[in-house]
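Tertiary structure, described
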Amino acid sequence: MKKRLLSIVLTAVIAAGGFSIPALADSSTTTYDTAYKDLSARTEIYAVTDTKPDSYPFYDAKYEPQCGVYYGRTTDAGTLADGRYGLLNGEGLKNETACSFYYELGGNIPLSNYSYIFADLVSSGERALLINLNFTREADDCDTIINGGIDSRIIETFQYLSQFQGPVFCRVGGEMNVWSKQVSPQNFQKAYRHVVEIGRQYAPNVAFVFSPNYSSGYQIDMDSYYPGDAYVDWIGVSLYYNRYANATGSTDAFSGTNMYGSALLNVQQTVNLGKLHSKPIMITEGGSATSQKGIDTSDFASERIQEAMSFLTMVYPQIKCIIYSDTNFNAAETSTYSITDNKRAAAAYNQAVAANPTLLHSLDSQASYYTKLSDYHATWQKTMTLAAYSYSSTHQTAYWYIDNELKYTTNTYPYTYSLDCNTLTAGSHTIQVVFDDGASKSYSFESAKYYTDTPFLDVPGDRYYTQPVIWAVDNGITYGTTDTTFSPEKGCTRAQIVSFLYRAAGSPTVSGTNAFTDVKATDYYYDAVQWAVSEGITYGTSETAFSPKEDCTRAQVVSLLWRYEHSPDSSSNVAFTDVSADAYYYKAVQWAVESGVTSGTSATTFSPRDTCTRAQIVSFLYRDLNR
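These remarks concern the structure in this document. (Residues numbered from 1 in each chain as written. Predicted model: local features only at pLDDT ≥ 70, side-chain atom pairs only at ≥ 80, totals over all residues. Heavy atoms only, no water.)

Inspection of helix α5 (residues 139-146) places A139, D141, C142 and I145 among the buried residues, and these make up the whole buried set. The buried side chains of α5 occupy one side of the element, clustering within an arc of 155° when seen end-on. Against β6 (128-134), α6 (151-161) and α7 (185-202) lie the buried residues of α5. Just downstream of α5, G148 is the residue with a positive phi angle, here 80°. (Buried < 20%, exposed > 50% of the residue type's maximum accessible area, 1.4 Å probe, protein only. Helix = DSSP H or I, 4+ residues; strand = E, 2+ residues; numbered from the N terminus. Arc of directions from axis to C-beta. Contact = heavy atoms within 4.5 Å.)

A word on the side chain of T97. Position of T97 relative to the elements: it lies in the loop between α3 (90-93) and β5 (98-104). In this structure, T97 is in contact with V69, Y70, Y71, R127, A128, L360, H361, S362 and L363, ignoring residues within four places of it in sequence.

Structurally, S112 can be placed in the loop between β5 and α4 (115-122). C-alpha separation for the pair S112 and H277, spaced 165 residues apart in sequence, amounts to 33 Å.

Across all of its chains, the model carries 13 salt bridges by this definition. Across the salt bridge formed by D326 and R73, the nearest N and O atoms sit 3.1 Å from each other. Taken together, the residues span a long stretch of sequence, with D326 in the loop between β13 (319-324) and α12 (343-355) and R73 in strand β2 (residues 70-74) at a distance of 253 residues. An identical accessibility class is assigned to D326 and R73; each is buried. Residue R137 is joined to D141 by a salt bridge in which the shortest nitrogen-to-oxygen separation is 3.0 Å. The class for D141 is buried, based on a relative accessible area of 6%. A cluster of three or more residues bridged by salt bridges with shared partners is formed by R73, E96 and D326. (Salt bridge = Lys/Arg side-chain N within 4 Å of Asp/Glu carboxyl O.)

This part takes up the sheet that holds strand β15 (residues 383-389). Strand order in this open sheet of four strands is β14-β1-β15-β18, and the pairing throughout is antiparallel. Looking at strand neighbours, the two that pair on one side only are β14 (369-372) and β18 (417-420), the edges of this open sheet. In this sheet, neighbouring strand axes are inclined to one another by 35° on average, regardless of whether the strands run parallel or antiparallel. Here four bridges tie strand β1 (residues 44-49) to β14, and the two strands are oriented antiparallel to one another. By the bridge assignment, V48 is partnered in β14 with Y370. Strands in contact with helix α11 (residues 298-315) are β1, β14 and β15; relative to β15, the strand with the most contacts, it is inclined by about 100°. (Pairing = 2+ DSSP bridges. Axes fitted to C-alpha atoms, helices over the stretch in contact; angles between N-to-C directions.)

To continue, consider the packing of aromatic side chains. Inspection of every chain in the model, using the stated rule, returns 41 aromatic pairs. Summarising the aromatic geometry, the rings of F311 and Y415 are spaced 6.0 Å apart at their centres and angled 35° between planes, so their arrangement reads as tilted. One end of the pair, F311, is in helix α11; the other, Y415, is in the loop between β17 (405-410) and β18, and 104 residues separate them in sequence. Accessibility expressed as a relative area gives 2% for F311, which makes it buried. Taking 5.5 Å as the distance between ring centres and 85° as the angle between the ring planes, the aromatic pair formed by Y413 and Y415 counts as edge-to-face. Assigned by exposure class, Y413 and Y415 land together as buried. If you follow K52 out to its NZ or CZ, it ends over the ring of F58, 5.7 Å from the centre. For R494, the ring lying beneath its charged end belongs to F546, and the centroid distance is 4.4 Å. (Phe/Tyr/Trp six-rings, centres within 6.5 Å; stacked < 30°, edge-to-face > 60°. Lys NZ or Arg CZ within 6 Å of the ring centre and 35° of its normal.)

This part takes up the sheet that holds β2. One closed barrel holds the eight strands; their spatial order is β2-β5-β6-β7-β8-β9-β10-β13, and the pairing between them is parallel. Averaged over neighbouring strand pairs, the angle between their axes works out to 30° when direction is ignored. Pairing analysis gives five bridges linking β6 to strand β7 (residues 168-172), with the strands arranged parallel. For L129, the partnering residue across the bridge sits in β7 and is V168.

Shown next as structure tokens:
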């Protein structure tokens, strides 16, 4: 934690340009003065989905959630109402999935002595714990660690941490790139590695975090301190965004003020670092001060807190954990980040947390994804929850348009809009968001009506064929076997399938002579059979027989659909062991799988000779005609 302000010497070096140390990575991506260079409006529309988007980053790091984001706050200890010394912000932490504690690794007190502050929060394994192993004497601590001077303390610390059941993270020597007593990258790396090597021996349950400050002092690339992929599980960052600088003379880019008073701007260098090393990102501490040097800055802080907690995980899905600095130093000359003690800031934080669908509210819960509309390929139906982001130094209003008609206006982060697709006609539409400063983003999409009323007693509302059945009835493709039954598991006959296709095609007028002796002019399927034969969709079972009452196999049905679509070519391979390359239905199955009409009866079988049920055929039709 930044309990001591950076020295005037350091800020003077920064302001003057300082001295330069060669970077290990591209210095244009991770040095403190480059955050603004690649920031455009980055205006984007996102959909809230339960399906992982193709672009979602997952690195398989230790304790990295498959979906969702841990979140929580620092533990703040002090004198309780009953006079005891203990945890002050436990009430806020009780519904969160992470907490942190600062520990002076080179100090005289064992970590276990502080268990009364954090142990109850994590002992049951219901919450992730971040221990910040601080190098209080900075460069001097690195020398001591390298020489083995506190090995006994390090061993004792990790033996204690090995008992915990839930995710345990250790940030080793955080904020090394802004230490007042500068350390060489080589010495920091040696000290960090030494701690990790001991830690992995005595506490294999611990994940290790390399965590610089969001901007580097001395114009050193933060990547210069990186100890190597083998020693890093996560990349962390101290992320602050304040109204005023914490140290006199420091630049805006370094102190995170004025136009740099934005978490979305300041986190970029660390995100770039994560991309360089393929590691998930953890905000190990950070926030916006509610008071600075006795000045109330809660209005500014509330705005920035809500912006950060609303958008960080939306714009940067690499971020998988956020720890907020909920600390109160009770000193007028010190910046205070407490949200426990500030109702306005707490309200902003809580509102943003409640509105963020990516946050995990328990370690075993599920979360949703923010999916860019460029990655969302499904047909829109039911209610679509949308959100938008556009970088701006001021709070904006978002205007949502459907087909160039203004539908909704909001100035609340993250500019959420709930679109009821049932109010749209089926087919193509456009959606656009426009902000006050003129930034905008638009997409085209396909909408389909979502059917909610099932007329059949044998079609429950939660089956794979529910929507297709109701769609088929609504569009006059089938009428059920009785007024109240659809008979979904009953076999579909050849007469029925050509009738379904005929109605789906709009029941066109037919002409010609019927060649089939088993198809009479009075039969309901007479026109459908004539049409199917004239279109080359089917040829009968012989020159004189159509066999209308014979059940259709799955192979026959996909073949009829394939010919209905004019026998398109497909490039995908058929992985089914029961579909040989010389089968008459091979190309039809190939097309059906590639186009999403069916995925087979298992990962390796298509079951071509099985009877195609009425539920299956309407599902095939629904997927084909609503692509």
